[in-house]
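Summary of structural features
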Amino acid sequence: MDSIQGKYEDLQTLLRSLGKVVVAFSGGVDSTFLLKAAMESLGRDKVLAITADSETYPVREREEAILQAKELGAQHQVIQTSELAIPGYAENPTNRCYFCKQELFSHLIPIAQKLGYHHVAFGAIADDLGEHRPGLQAARDKGVRAPLLEVGLKKSEIRHLSRAFGLRTWDKPSFACLSSRIPYGEKITTEKLSMIDQAEDFLMQLGFRQVRVRQHEKLARIEVAPEHLMDIVAVAETVTAKLKEIGYAYVSLDLQGYRSGSLNEILAAQKEQGA
């Protein structure tokens, strides 16, 4: 089994082979580490971080990405994209992430070509191979590289290396676009995305770091880390009042707690029934 240090050395070798690279930069754990590693391997002048700002990207995440890039001393651009403008995206099919990543890469590749960068890279990791990730296929179709995945780095290893690098994202909670809070088949709208963003931002202000507000029409299903279930019960009245003010008719707490991609559970169940 490769050591973490061995994988990092492989990553450096791979990144050097890319020459000049544009990094799709969300400001999360993986893309921040990828950006730092690319700059260490290639030098600042051969790396450009690009953040796509859209309806599905919370304001707090955009501001954090800008701050992270500045702290790293990276070259950084913020561009505007719109997933809701993609035909079929708002209908929220099970391969929604394919359209999202295809839209992102369709913006980044021309920028890279125009500015003389040889490759576009994004922060997919080894853990993603075992999950429902249509975005990986979009990357393959567009020729976009996934260096962290290619050398077999897992989330726990990236957190370890990020801490060694002094990156404050080392223990940042996992994040996914706001559309991932809406069950497949339920229409995605600007109003719903705004409600989710406001609700999650409020819960984070209360101190809940790893949180999701899954939206089932007018019902909010809150997921927090299992060890914090009683903490949110303690402020249930405050949370309910705020989320109803935002626009929810009902507020519920998922007793299983937070788990990544919980809305994919229905896909697995349907697959089992089909089998």
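What you are looking at is a predicted structure, and each value in this text was computed from that prediction instead of being measured.

1. Here's the deal with the UniProt feature "domain: NAD/GMP synthase" (unreviewed entry) in the chain
Cross-referencing UniProt, the feature "domain: NAD/GMP synthase" (unreviewed entry) maps to residues 19-82 in the present numbering. Summarising residues 19-82: 44% helix, 27% strand, and an end-to-end C-alpha distance of 30 Å.

2. Quick word on the nonpolar core
Membership of the largest hydrophobic core comes to 31 residues, with the highest contact counts inside it found for Leu-11, Val-21, Phe-33, Leu-35, Val-47, Leu-148 and Leu-153. Secondary structure elements with two or more residues in this core: helix H1 (4-18), strand E1 (21-24), helix H2 (29-42), strand E2 (47-53), helix H3 (59-72) and helix H7 (155-165). Counting residues per element, this core draws most heavily on H2, which supplies 8 residues. Of all hydrophobic cores here, the second largest spans 25 residues; its members include Leu-178, Phe-202, Ile-232 and Leu-243.

3. As for H3
The terminal C-alpha atoms of H3 lie 20 Å apart, and with 14 residues this matches the ideal 20 Å at 1.5 Å per residue to within 8%. Inspection of H3 places Arg-60, Glu-61, Ala-65, Gln-68, Ala-69 and Leu-72 among the buried residues, and these make up the whole buried set. Looking down the long axis of H3, one finds its buried residues gathered within 165° of arc, a one-sided arrangement. Exposed and oriented more than 90 degrees from the buried face of H3 are Lys-70 and Glu-71. In the segment just after H3, Gly-73 is the residue with positive phi, at about 75°.

4. Regarding the sheet that holds strand E7 (residues 250-253)
With respect to topology, 3 strands assemble into an open sheet ordered E5-E6-E7, the strand pairing being mixed. Looking at the sheet topology across the chains shown, the edges are occupied by strand E5 (211-216) and E7. Pairwise comparison of adjacent strand axes, ignoring direction, gives a mean angle of 25° for this sheet. For strand E6 (residues 219-224) and E7, the ladder comprises 4 bridges, and the chain directions are parallel. Bridge pairing in E7 links Arg-221 to Ser-252. Against the sheet, helix H8 (residues 190-205) makes contact with E5 and E6, and its axis sits at roughly 150° relative to E5, the strand it touches most.

Criteria and thresholds
Residues numbered from 1 in each chain as written. Predicted model: local features only at pLDDT ≥ 70, side-chain atom pairs only at ≥ 80, totals over all residues. Heavy atoms only, no water. UniProt positions renumbered as here; feature names shortened; annotations may be inferred. Helix = DSSP H or I, 4+ residues; strand = E, 2+ residues; numbered from the N terminus. Core = buried A, V, L, I, M, F, W, Y, C linked by side-chain atoms within 4.5 Å. Buried < 20%, exposed > 50% of the residue type's maximum accessible area, 1.4 Å probe, protein only. Expected span 1.5 Å × (residues − 1). Arc of directions from axis to C-beta. Pairing = 2+ DSSP bridges. Axes fitted to C-alpha atoms, helices over the stretch in contact; angles between N-to-C directions. Contact = heavy atoms within 4.5 Å.

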